[in-house]
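Take a look at the letters that make up each chain.
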Amino acid sequence: MPSALPGGEEAHGPFWSEPGALLEHVPVAVFGLDDGDLVCHWGPGARDLFGYDSTAVLSKPGAVLFADGLRSGSDSCARLTERGRTLGYWRGRLTARRRDATIFECGFRAFSMRGAGGRSVVMVLASRSDELDRVKTNLAFLDALFETCPIGLVMLDPDLRYVHLNQALADMDGLPIEAHLGRPIDEFMIMSDGGEYRNMLRAVALGGPPVVGALVGTRPRGHPDRDQVRSVSFFPLSQAVGSRPGVGGLMVDVTDREQAILEATAGRRRLALLAEASTRIGTTLDLNLTAQELVDASMPDFCDGAVVELVEWMDEAAEFDPGLPLFTRRIASGTILPPPATELVSGVESLRYPPGSVIHDMLRTGRAASAVVDEEFLARTVLIESRARLLAESGLACVLIAPLIARGTVQGIAMFGRSADRPAFTKDDVSLAGELASRAAICLDNARLYSRVQDISITLQRALLPSVLATSPYVDVAHRYVPGSRITEVGGDWYDVINLPDSRVVLVVGDVMGHGVSAAAAMGRLRITTKALARHDSEPADLLAELDACAQEAGIELATCLYIAYDPRSGRARVASAGHPPPLLLRPDGTVETIDEVLGVPLGVGGFPFRTTEIELPRNATLALYTDGLVEARGRDIDAGLEALRVELRRAPKPLEAMADHVLASLLPTPPTDDTVLVLARVHRAP
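Because the structure is a prediction, the values reported are computed rather than measured. Residue indices begin from 1 for each chain and proceed along its sequence in written order. For this predicted model, a pLDDT threshold of at least 70 governs which residues receive local features, and a threshold of 80 or more governs which side-chain atom pairs are given and counted, while totals over whole chains, interfaces and linings are taken from all residues. The side-chain figures draw on all heavy atoms in the structure; neither hydrogens nor water molecules are used.

A. Quick peek at the side chain of Arg418. Relative to the assigned elements, Arg418 resides in strand β19 (residues 409-419). For Arg418, a relative accessible area of 6% puts it in the buried group. Under this definition, polar contacts are N or O atom pairs within 3.5 Å; protein pairs additionally need one hydrogen-donor-capable and one acceptor-capable atom, and for neighbouring residues in sequence, both atoms have to be side-chain atoms. At a separation of 2.9 Å, a polar atom in the side chain of Arg418 contacts the main-chain carbonyl oxygen of Phe302. Engagement of the side chain of Arg418 in a polar contact is seen with the backbone oxygen of Pro423, the distance being 3.2 Å. The residues touching Arg418, leaving out its near neighbours within four places in the chain, are Phe302, Cys303, Asp304, Gly395, Leu396, Ala397, Cys398, Pro423, Ala424, Phe425 and Asp429. For helices the rule is a DSSP run of H or I covering at least 4 residues; for strands it is a run of E covering at least 2, with both sets numbered from the N terminus onward. Think of it in three bands: residues with accessible area under 20% of the maximum for their type are buried, residues over 50% are exposed, and the middle band is partly exposed, with areas taken using a 1.4 Å probe on protein chains only. Working rule for contacts: check all heavy atoms of both residues, and any pair within 4.5 Å makes them a contact.

B. Spotlight on the nonpolar core. Ranked by size, the top nonpolar core spans 35 residues in total, and within it Leu294, Phe302, Val308, Leu400, Leu404, Phe416 and Leu436 carry the most contacts. Elements supplying a minimum of two residues to this core: α9 (259-280), α10 (287-298), β14 (305-311), β15 (326-335), β18 (396-406), β19 and α15 (427-464). Element by element, the count of residues in this core is highest for α15, at nine residues. With residues near it in sequence (within four places) discarded, Leu436 still touches Leu273, Leu274, Ala277 and Leu294. In plain words, nonpolar cores are sets of buried Ala, Val, Leu, Ile, Met, Phe, Trp, Tyr and Cys residues tied together by side-chain atoms within 4.5 Å. Val307, Val373, Phe377 and Ala388 belong to the second largest nonpolar core, which has 26 residues in total.

C. Looking closely at the side chain of Asp511. Here Asp511 shows up in strand β22 (residues 505-512). What makes Asp511 buried here is its relative accessible area of 6%. If we ignore the near neighbours within four places in the chain, the residues touching Asp511 are Gly492, Asp493, Trp494, Ala559, Thr560, His580, Thr627 and Asp628.

D. Structural detail: helix α4 (residues 75-87). Expected span of a helix, by definition, is 1.5 Å for each gap between consecutive residues, and there is one gap fewer than residues. In a regular helix each residue adds 1.5 Å, so 13 residues correspond to 18 Å; α4 covers 17 Å between its end C-alpha atoms and thus fits that length. Of the positions making up α4, those classed as buried are Ser76, Cys77, Leu80, Thr81 and Gly84. Burial along α4 is one-sided: seen end-on, the buried residues are contained in an arc of 125 degrees. Opposite its buried face, α4 presents the exposed residues Asp75, Thr86 and Leu87, each directed more than 90 degrees away. This arc is taken over the directions from the axis of the helix to the C-beta atoms.

E. Geometry of the packing of aromatic side chains. Between rings of Phe, Tyr and Trp, where Trp is taken as its six-membered ring, a pair exists when centres lie within 6.5 Å; planes separated by under 30 degrees are stacked, by over 60 edge-to-face, and by other angles tilted. Applying the stated criterion to the full structure yields ten aromatic pairs. With centroids separated by 6.1 Å and ring planes inclined at 45 degrees, the aromatic side chains of Trp42 and Phe50 adopt a geometry described as tilted. By relative accessible area, Trp42 is classed as buried at 3%. Given a relative accessible area of 0%, Phe50 falls into the buried group. Grouping aromatic residues by their ring pairs yields a cluster made of Phe31, Trp42, Phe50 and Phe104. Its end group placed over the ring of Phe104, Arg128 keeps NZ or CZ at 4.8 Å from the ring centre. The cationic tip of Arg418 hangs over the ring face of Phe302; the distance from NZ or CZ to the ring centre is 5.3 Å. Geometrically, a lysine NZ or arginine CZ counts as sitting over a ring once it is within 6 Å of the ring centre and also within 35 degrees of the ring normal.

F. Region of the structure containing a nonpolar patch on the surface. Patch membership requires more than 30% relative accessible area and the absence of a salt bridge. Residues of like charge join within 9 Å; the nonpolar side chains Val, Leu, Ile, Met, Phe, Trp and Tyr join within 5 Å. Areas reported as accessible are Shrake-Rupley estimates using a 1.4 Å probe. Residue values count occlusion only from the protein chains shown. For this document, the term salt bridge refers to a Lys or Arg side-chain nitrogen within 4 Å of an Asp or Glu carboxyl oxygen. On the surface, Met513, Leu558, Val605 and Phe608 cluster together to form a nonpolar patch covering roughly 340 Å² of accessible area. As for its placement among the helices and strands, Met513 is situated in the loop between β22 and α16 (517-534). Met513 gets classed as partly exposed once you look at its relative accessible area, which sits at 36%.

G. Inspection of the pairing of strand β23 (residues 559-567) at higher detail. Across the nine residues that make up β23, a large majority, nine, are buried. Both faces of β23 are covered, namely the face carrying Ala559, Cys561, Tyr563, Ala565 and Asp567 and the face carrying Thr560, Leu562, Ile564 and Tyr566. By the bridge criterion, eight bridges tie β22 to β23 in an arrangement that is antiparallel. Its bridge partner lying in β23, Gly510 is registered against Cys561. Pairing analysis gives six bridges linking β23 to strand β24 (residues 572-578), with the strands arranged antiparallel. A pair of strands counts as paired when DSSP detects no fewer than two bridges linking them.

Set out below in structure tokens:
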């Protein structure tokens, strides 16, 4: 606070404070006394406390401020300055006097400082004793309240972070006081009310009306096994005289009294878990990922660990025989427990359950069931001693097993486990697990069927693609086929190299529109037909016309094809295209040319002629043939893709194999979104 100096000038005193609630309620006077006990500094607080303006007291004896100062001197003033100088710091109570002759008890603090020019100055802080006593009493009461009150007390800042709380609330949350401070309230209370509780607190923090006796259901982070009902009251903290805003609150655990609310909270949590699981499970048609989504959706709210296993049936049409061992394959797992639980859930892939196991009991009824992990469970269910020991030491106290049944067939099993720190599974939990497993089973079966169709498509396509291409001393070829990711069905991309009489070589690339088994089968038909027609030595345009007729007869509605016949004796190539992306020609000087004079219409359309274009190929030139997966992508125009391919051909190393690897690595996304074929052919001349 500014101080007044002799001469009337204002300066900052040795204390610089900003107004606040404490100073408003306990006015503090600041003044200084020099070596002659004359007033040399005078703050606004001193003016308010003693009633003297700075002009009336500066350079005057400090004795006028004390009750005994009416005499020639003041023992009180002398004792204060003497002790301040000799002790360095002194505090005590003395009788003070205002300018209007009012006598009052006052608390003083005095300490010695060096003023301007090296002068010794005793700085004095003074406050009325009755004000100090009142504040001390209030603070003592608040300290005792926070220390001993059995009701949870809390102070939150405007961002709803903990500023102060008592031990009773910390015990309710199951975490120490220190763990709360500075952290938001959301981190300590698991709610299932869609943010209603936080919105209520936010409204109070913004100055809204107090909340009195509201009932909320929660699960404290420190007690994940215990649902609570709390009666809460919140009020905005005073913002008077610049104090920091926030929220004050009281909380009472009324769980026993409000069991109905607790059960409703648990019900809402189960519904919330089901709703979340519905959105998280089955986002893809990947079998393993779908199973892992079920595991992740169940933790940590429902269980501490979970696994999903597929049943390895010898014959899917056979009925389940409880007298035979059950073989499963674990495809997903997870746990929030420390080792050895992590090794328990993820340490195996193939499992065997003996007849009479809990899993057999569950499959016999077709309904989810829970079991306690005890010696009987281990003896009946776990054959390998080391695995039984891991399970016993994992901390899992009970398990819940649910069948994964889809379309009347048991696809697998889902197992959920809880540690001893959480309550055992209830009937409601068994019902919830059955519902989770039922929803997941459909998604898993869809993924399984899709995976089977995908495997058939890939097997068929690979069988129909050439395993070894024809070779020629006049054409060096590097070829690549990159299937799309598992998420994308296999396409109908194909390619071939065919030798003709007189050392001529045919390069052909095609693409059947669509995906799956039908596209792979259509691709095989076109490739074999093209190879047969090429040996009749037809003009490229005539060959495409025949191929178009065959495609229409076979019901192939849309396919593209690029056909190039190269004659190494003349160095010329005859080119025809049925709607396929144009080939690129990389000349020996590094320039890249697009051969786009013969685009044509796709096969299967019918009614349009094809034409042949003849071009001359320089010695050691490189032809690039490809399918649209290399140059087309979501969000990228095909012209931009072609330009990118031209750039990478110029940049690529000269050896063909290295060039093919460079182009694919530069242009294909990871993972690839569509099948891609790339054929690079470097041509030479016959002598």
